[in-house]
Amino acid sequence: MERDDVTPIGIAVIGAGYWGPNLVRNAQATPGLNLRYLCDLDVERARRVLGEYSTVAVSGSLDDVLADPEVAAVAIATPAATHLPVAMAALEAGKHVLVEKPLAANFADGRKLVEAAESRGLTLMLDHTFCYTPAVSHLRELVRGGELGEVQYIDSVRINLGLVQPDVDVLWDLAPHDLSIFEAILPDDVRPVEVSAHGSDPIGAGHACVAHLTLRLSNGSITHVHVNWLSPTKIRTMVIGGSNRTVVWDDLNPTQRLSIYDRGVDREREHKIISYRTGDMVAPALPEREALRGVMAEFAASITEGRPPLTDGRAGLRVLAILEAASESLANGGAFVPVQQVDRPTSSGGTTS
């Protein structure tokens with residue numbers, strides 16, 4: 001709930017490339033934020049993003065932006081390899097940080113950022129955009145509220161044609177979306193414990209362009225992710241099977257993104273009898289709103305309220321832990337690799353495990 005008596009938080013967007021303009025637009029539309037700078041080494045590009053009549057300042061110097069006491073927070077949309085130095089400089093300057101995925105290029109660097117933010121009492125948040133869609137918010141309520149029962153499996157498909165990245169494989173490019181969704185919707189006591197990854201490079205790109213990821217969860221169930229840069233058709237689906245109900249999310253179907261099925265398999269343990277349950281299908285009505293607006297609102301609220309955001313630094317670190325284990329598995333023929341565990345935030349802060 002917005003309060004009129006709260007002074008908007010001064011924010012700077014760092015990076016005017018592909019994603020930066022989206023951050024600029026949504027920061028300007030968020031009542032709790034006051035966009036003061038767009039910072040980019042290409043000053044002319046930053047000016048083009050803002051337009052001729054913008055009152056937002058343009059700067060080519062990160063140091064100058066961080067030195068401004070009116071800037072309390074930054075949103076970073078620079079290449080992943082620069083996330084560590086840029087975010088660390090912002091944290092050391094006492095600024096709250098929103099950063100694009102992935103948190104950093106590796107787990108060790110990500111942990112440095114998490115520890116730097118926690119030791120200073122600053123907000124460190126990941127722009128895991130899908131977690132702020134109405135569909136994923138509803139999935140979180142269904143799973144964590146117990147309506148589906150115990151999670152038995154998750155199957156996720158994220159495939160399309162391109163864009164083949166020159167510096168990362170398809171797992172690091174596309175799978176963070178699915179992994180961040182798992183992180184947001186699964187109960188706190190259900191965690192990925194080990195991962196197996198298989199991939200192929202049919203076009204000679206130098207790294208996997210097609211990949212399959214299998215995660216074993218702490219409750220004994222498995223999740224599966226298929227990511228692919230080479231598919232002529234675009235598919236964005238996720239099936240979450242529970243002991244009571246199953247939900248299907250089709251992100252490309254705006255008229256029916258979620259379908260909840262009261263259908264499944266029941267087993268009478270004493271007599272080992274399998275029965276099949278066929279019930280109704282319900283398609284809940286969901287509002288249409290831009291997810292990134294929710295990201296910005298959550299960033300402002302977490303700063304104002306002094307609480308961890310939904311997609312905090314530790315959530316980003318858990319995604320990195322899975323990706324690093326997946327890369328190790330991929331290099332070792334798909335063998336299961338343990339996932340390094342990261343504790344949930346506590347009221348007193350603390351360090352990652």
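Conventions and cut-offs
Residues numbered from 1 in each chain as written. Predicted model: local features only at pLDDT ≥ 70, side-chain atom pairs only at ≥ 80, totals over all residues. Heavy atoms only, no water. Buried < 20%, exposed > 50% of the residue type's maximum accessible area, 1.4 Å probe, protein only. Helix = DSSP H or I, 4+ residues; strand = E, 2+ residues; numbered from the N terminus. Pairing = 2+ DSSP bridges. Salt bridge = Lys/Arg side-chain N within 4 Å of Asp/Glu carboxyl O. Expected span 1.5 Å × (residues − 1). Contact = heavy atoms within 4.5 Å. pLDDT = per-residue confidence, 0-100. Axes fitted to C-alpha atoms, helices over the stretch in contact; angles between N-to-C directions. Parallel < 35°, antiparallel > 145°, perpendicular 65-115°, else oblique. Nonpolar A, V, L, I, M, F, W, Y, C, P; charged D, E, K, R; others polar.

### Considerations on the pairing of strand β9 (residues 210-217)
Most of β9 sits out of view: 6 of its 8 residues are buried. Taken together, the 8 bridges between strand β8 (residues 192-200) and β9 define a ladder with antiparallel strand orientation. Along β9, the bridge assignment pairs Ser196 with Thr214.

### Concerning the pattern of salt bridges
Under the counting rule described, the total for this entry stands at 14 salt bridges. Notably, a salt bridge pairs Glu44 with Arg47, separated by 2.8 Å at the nearest N-O pair. With Glu44 and Arg47 both in helix α2 (residues 43-50) and 3 residues apart, the pair spans about one turn of that helix. When its relative accessible area of 46% is taken as the criterion, Glu44 is described as partly exposed. You can call Arg47 partly exposed: its relative accessible area is 43%.

### Remarks on helix α9 (residues 313-331)
Look at α9: 27 Å from first C-alpha to last across 19 residues, which is about the 27 Å you get at 1.5 Å a residue. At the C-terminal side of α9, Gly333 shows a positive phi close to 70°.

### Section: helix α4 (residues 83-92)
Of all the 10 residues making up α4, 7 are buried; the element is thus mostly covered by neighbouring parts of the structure. Turning to α4, its buried residues are His83, Leu84, Val86, Ala87, Met88, Ala90 and Leu91. In this fold, the buried residues of α4 make contact with β1 (9-14), α3 (62-67), β4 (73-76), β5 (96-100) and α5 (107-120). Downstream of α4 by one or two residues, Gly94 has phi in the positive range, about 85°.

### Remarks on the pairing of strand β11 (residues 230-242)
When strand β7 (residues 151-161) meets β11, the two strands line up antiparallel, connected through 9 bridges. Looking across to β11, one finds that Asp155 is bridged to Val239. Bridge count for β11 against strand β12 (residues 246-250) is 5 bridges, and the pairing is antiparallel. Across the sheet, Gly241 pairs through a bridge with Thr246, a residue of β12. Counting the residues in the hairpin turn of β11 and β12 gives 3 residues.

### As for the side chain of His226
With respect to the helices, strands and loops of the structure, His226 is situated in strand β10 (residues 222-228). Residue classification places His226 among the buried residues on the basis of a relative accessible area of 17%.

### Brief notes about the confidence of the model for the protein
Summarising the model, the protein shows a mean pLDDT of 92, and 93% of its residues fall at 70 or more. Every residue in residues 347-353 is under pLDDT 50, and counting partners more than four places away or in other chains gives 18 contacts.

### What to know about the packing of α5 against α9
Interaxial distance between α5 and α9 falls to 9 Å at its minimum, and their mutual angle equals 170°. The angle between α5 and α9 places the two elements in the roughly antiparallel class. Packed against α5, whose contacting residues are Phe107, Gly110, Arg111, Val114 and Glu118, the element α9 presents Gly313, Arg314, Leu317, Leu320, Ala321 and Glu324 at the interface. Across the contact of α5 with α9, the residue classes tally to 5 nonpolar, 2 polar and 4 charged.

### Quick look at the sheet that holds β5
Here 6 strands make up an open sheet; going across it, the order is β3-β2-β1-β4-β5-β6 and the pairing parallel. With one partner strand each, in any of the chains shown, β3 (57-59) and β6 (124-127) form the two edges of the open sheet. Averaged over all pairs of adjacent strands, the angle between strand axes in this sheet comes to 25°, irrespective of strand direction. Across 3 bridges, strand β2 (residues 33-39) lies against β3 in parallel orientation. Counterpart to Cys39 in the pairing with β3 is Ser59. Helix-sheet contacts for helix α1 (residues 20-28) involve β1, β2, β4, β5 and β6, and the interaxial angle to β2 is about 155°.

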